[in-house]
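Inside the fold
Here are the chains, one letter per residue:
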Amino acid sequence: MKLKFYVPLCAILLCYTGIQAQDAPYFKEGRLYIVNSSHQDIAWMDSPDECIRFRDEQMITPALQRLAESKQYCFSVEDALSLREYLERHPDSYSAILKYTKEGRLEWGATNKQPYPSMYDGEALVRQTYFGRKWLQKVLPGCDFRTAYNEDVPGMALQLPQILSKSGIPYYQISRHQPGFYKWFSPDGSSVLTWSPGQYYEKTMPILHAPSEAARTDTLIRFLDEFDGYYRQRNIPPVRLVLYSFDFSKPVDWDNYMEDWNNEAKGANPRGLPYIMYSTSTRAMDEIAASKDVRFDELLGERPNVWLYIHGPAHQRALKAGREASRLLTAAEKFSAFNALVENSFSSYPANELTGAWEAAIYPDHGWGGNKGAITDRYFRDKFEFARDKARELLDKSLRSIAQRIRFKDEYKQAVTVFNPLSWERTDPVVLTLDVEGRADTHYKLVDAGGNEIPYQFTDCPYTGKKDEVITITFIAEKVPALGYKTYYLTEGDLPAGNEHIPSPVPAYENKYYRVVLGHGGIESLYDKELKKEFFRSDKFSGGELFTLQSVGNGAGEFTDIQQPTMEGFDQLRNYKQQWQCVETGAVRDVFQTVQPLRETQAVLRIALYKTIKRIDVEVDLNRFNGENWREFRLAFPLNMQQAKVAYEVPMGVVEVGKDEIEGAAGYSKATQIYSTPCKKVHPREVQDWFAASDGKAGLVISSDVAVFDWIDPTDRPADYVILQPVLLASRKSCHGLGNYYLQPGNHSYRFSIYTHAGDWHNGYKNGVQSRQTLKPIVTGTEKQQGFLPEQQCFGTLAGQGAIVSTVKKCEDDDSLILRYYNIEGNDAEVTFGLFREIESVSRTNLIEEEPVTVKSSAKGFSYKLGHHAIETFKIGIK
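Residues numbered from 1 in each chain as written. Predicted model: local features only at pLDDT ≥ 70, side-chain atom pairs only at ≥ 80, totals over all residues. Heavy atoms only, no water.

1. Some thoughts on the nonpolar core
Of all hydrophobic cores here, the largest spans 193 residues; its most connected members are Trp108, Phe181, Leu220, Trp254, Tyr821 and Phe862. The dominant element in this core, judged by the number of residues it contributes, is helix H12 (residues 316–343), at 14 residues. With near-sequence residues (within four places) excluded, Trp108 lies in contact with Ile60, Val77, Asp79, Ser82, Leu83, Ile97, Thr101, Leu136, Leu140, Phe145 and Thr147. (Core = buried A, V, L, I, M, F, W, Y, C linked by side-chain atoms within 4.5 Å. Buried < 20%, exposed > 50% of the residue type's maximum accessible area, 1.4 Å probe, protein only. Helix = DSSP H or I, 4+ residues; strand = E, 2+ residues; numbered from the N terminus. Contact = heavy atoms within 4.5 Å.)

Following this line, the structure appears as C-alpha cells:
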C-alpha cells in the first residue's frame, strides 16, 4: 500500500479559501451531523472535585434530560471515566443511560480518558482500552463503543492506531491537526479512521457567538462550502460532521432550529441545504466508512507531541512514580499469574488489587496544571504513587509466595532468590538490602546453588533504615532465566575482599572494557577497547555533563512548536574545576563522584564502572534545587560519530528519527495555529526506557530515567554532531491564565546506564530495557521449608527475533492465562512460547481478550508467526 500525506499548506488552501461548489452543492442530498459534546479534562477549568460536579450537574444530567425530551437528540461523552464518576453519584440513572446508549443516541468514548499517549508505556496504553471499551461493554451490555476521543493532544504515538484497532476501536477523533479524514497506520499495517476538525473549539465559537439563527445558518453553510472540494476529490459520502464542543460546554437544544432548516431542505431548497440532525461521532463515521470508493488520505508513523514539557520535565517526581508503577505492575501481574499456576488455583490472584492499581496508574490525563492546578497536580502524583506502592506490595507478595515453595538446600540458613520479569535471560547487577538488626557484626559469604562464591561489595545506596539495622550489597547475577528466578545463598563468612589500592581516574581509569578519562564536567574520553572506538567528543561538553539554560514557556498551550530553551543563565559543570573522588570500590564496581555547588542547586555526579559487565552508570543528584522559575537542567552525551542516526523507544515500538514520523507537518489547526514544522524535525521527544545513536558500525544506548530527551544542541552555537540529552527538569508555568507554576524545588535524583556495542540499536536495546526493569531479590529463611520448586526456574520461554513479552496475567473473564507480546525489531518472526505447566488450549484474541481464534498448540507450548511491528494477545487454557 502506498502511503501518502496530504500536504498541509495545500490543504489549507483547499479547505479555507472557499472553493466554489461544482454544479449543485455536494452536500445537498447528504447530511449535516451535529456532534454535540463537551471537552473535559479530568481537571483544567477547576479542581478535580469541581470538574466532576460540573460533569454531573451541567453536562450528563442535562444531556439525559434532553435525550428524554427529544427522540432525535444525541450526545457524545469523550471517555469512560465520566460514566464511572456519574454512576457513583447517580446509580439510579443507570437504566436511562443503558437505554439511550443502546439506542445509539448517547455515546461514550472507548478509552478511559484522553492521555498523552507516549506519557505511558505500552501496557499502560493498552489498559486505556481495558478501562474504556471492555469496561463499558460489561457495564452497559448490548452496547458497543467504537470511537476513541483525544481532542486536545497534538501528538500520535507510533503504535496507538494498532492498539485501538486491535481493541475493536476503528475510529479516532482528534484535534489540533489538519482538518479532514485520515487512515492513520501503525507500521504493522493496522489503522484507525481518524477525524480532525482542526482545533476542536474553533468551529464551535462562530456557532456559539452567532447573533441570530440566520447568522448560525450562514456559518454552517460556510462550513459545508469549505469542504465541498475536499469531499469531491476523495469521493467521500456527503456526510459532514460539525463538532460542537469546547471546554465545559453544555448540551444544546437546536430542535426547532433543525426543524426549520429541514423544512427548507425538503422544499425548493435554493441554498442546497443537506438534512441536518444530531449525531454521535460513531454514527457519522459508520456512514462515511461504509463507502468502498472513498480515497482517504493516509498517514503512517509518529506525530511527535509538542506538549511534552508538561509531564516529564515539569512534573518530574510524578512521572517517575508513574513510570515505576507501570513497570512494577506488569512484573506483579506476571509473577502473580505464575504463582497462581504454581498453586494450581487463581483463588489468591490479586485481581481486584491489580485492577485498582492499574486504574490509578492510568488516571492522569493531559490536564496537568490549569485553574487550581496545584491541587490537580498533587492529585495526579498521588495516583501514580499509590499505583507504584501497591504494585511494589503485590510484586513482593507474589515473589515471596513463590520463594517459599522452592526446595532450598538445608545447609544454608538464608536463600536469596533473584527474579527476572523480562522475557530473555540476563546478567545484571542486583542491589540487596539485608536486615541485620542485632547481627551488625555478622559477616556474610554469598554463593550460588553449586556452592561457588559470588563476589559482592557494600554499596553506598540511599539509606533505608536505622543505623546498624540494614546493610546494602551489590553483586552480579549471571544468566538469570527469562520470566523466572535463580537462587543464591547467604552463609557466614569473611568480609568481602576490598581493593588493595583505591582506584584513581587520573590520568585514566581502565577495566577490561573501557579506558575512561574523567575531567572537568564529566567523562572526557570513553574508549571502547573491544570496538577500538572513542565514543565521546568532549570539545564542548563532557559525557554526562550537567548544564542549565533558561526555559521560558508552558507545558501545553496554543503555540505551534515546542518552546525551546535559551542561553540566559547558561552554566555547565566544566566551568568549574571538578575533583573526582572514589567513593566506592570492590569486586563489582568502582564509583567516582564529584560535587559542585551551582547557583540554583548542588550538583552531585557519580560515574560507576562495572568490572565484569560492559556497563557504565551515570547518576546525578540535584540537591536543594531552589525552584527558580524558567530554569532547565539537562545532561549531555556528545557523540564522536559522523552522521549518527538517533532512535528511541516508544510504547511497544521504536522510532528512528527522520524515518518513522508522519510525512510533512501536522498543518492547519486554526488561523493562529498552523503546525508548519515537519514532524521529523520536531524536538525534543518523549521516550520510554532508552534512547540511542549509531553510525552503523558502532552504537551507544542509554537507559532513560526521564520522559523527554533531545539530540540537537540547544546552545547559541550548536554543534553539528549528535549530543544525546536527557531533559532532567524544567520549571515552567501552566498556560491557563489562573494556572500554577511548575517550580519543583527540593531534591531530584536520576540514574542512566551507558552501553556501547557494534551495529545499531538492535544490538543494544535489551540492555536499555534491563536497566529500567531491574532484577528483584527476595531473602528467605530456609529452616523448616518443604518446597518443591527447583532452585532455578523459567516459568515461560519466548523464542523469536525481536519478540518481547508485555504481560502475562489472569484472563479478565475466566481462569485462563493471558499472554501479550510484540515485535520491536520490525521483521516477521516465528515466535514460540513455552510454559512450565501443561497447556490445554490456545486462542488468539484482540487486545482486550475478546474474539478468540484457535491457535494450534501442544501441551508444552505453541508457535505463531508474529508480523513485523505486531502486538498480539493469546488466551491460554491450563490443564
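2. Notes on unusual backbone geometry
The linkage connecting Val506 with the following residue, Pro507, adopts the cis geometry, with an omega of -5°. Here the residue pair His683 and Pro684 is connected by a cis peptide bond, since its omega of 0° sits within 30 degrees of zero. Within the secondary structure layout, Pro684 lies in the loop between strand S31 (673–675) and strand S32 (685–686). In this structure, Glu851 takes a positive phi of about 55° despite not being glycine.

3. As for the environment of Val646
With respect to the helices, strands and loops of the structure, Val646 is situated in strand S28 (residues 645–650). On the basis of relative accessibility, which here comes to 6%, the residue Val646 falls in the buried class. Separated by 115 residues in sequence, Val646 and Trp761 place their C-alpha atoms 8.8 Å apart.

4. Points about the side chain of Gln40
As for its placement among the helices and strands, Gln40 is situated in the loop between strand S1 (31–36) and helix H2 (48–69). On the accessibility criterion, Gln40 (1% relative accessible area) is buried. Sequence-distant contacts of Gln40, that is, excluding residues within four places in its chain, are made with Cys51, Phe54, Arg55, Met59, Glu78, Asp79, Lys113, Gln114 and Phe248.

5. Topic: the packing of aromatic side chains
Tallying each qualifying case throughout the model produces 47 aromatic pairs. Their ring planes at 35° and their centres at 6.4 Å tell us that Trp690 and Tyr765 sit as a pair that is tilted. Of the two residues, Trp690 sits in strand S33 (residues 690–694) while Tyr765 sits in helix H15 (residues 765–772), which places them 75 residues apart along the sequence. Exposure class is identical for Trp690 and Tyr765. Each is buried. (Phe/Tyr/Trp six-rings, centres within 6.5 Å; stacked < 30°, edge-to-face > 60°.)

6. Here's the deal with helix H13 (residues 351–361)
Regarding H13, the residues found buried are Leu354, Ala357, Trp358, Ala360 and Ala361. Down the axis of H13, the smallest arc covering the buried residues is 160°, so these residues share one side. Residues of H13 that are buried in the fold lie against helix H5 (122–139), H12 and helix H14 (373–403). (Arc of directions from axis to C-beta.)

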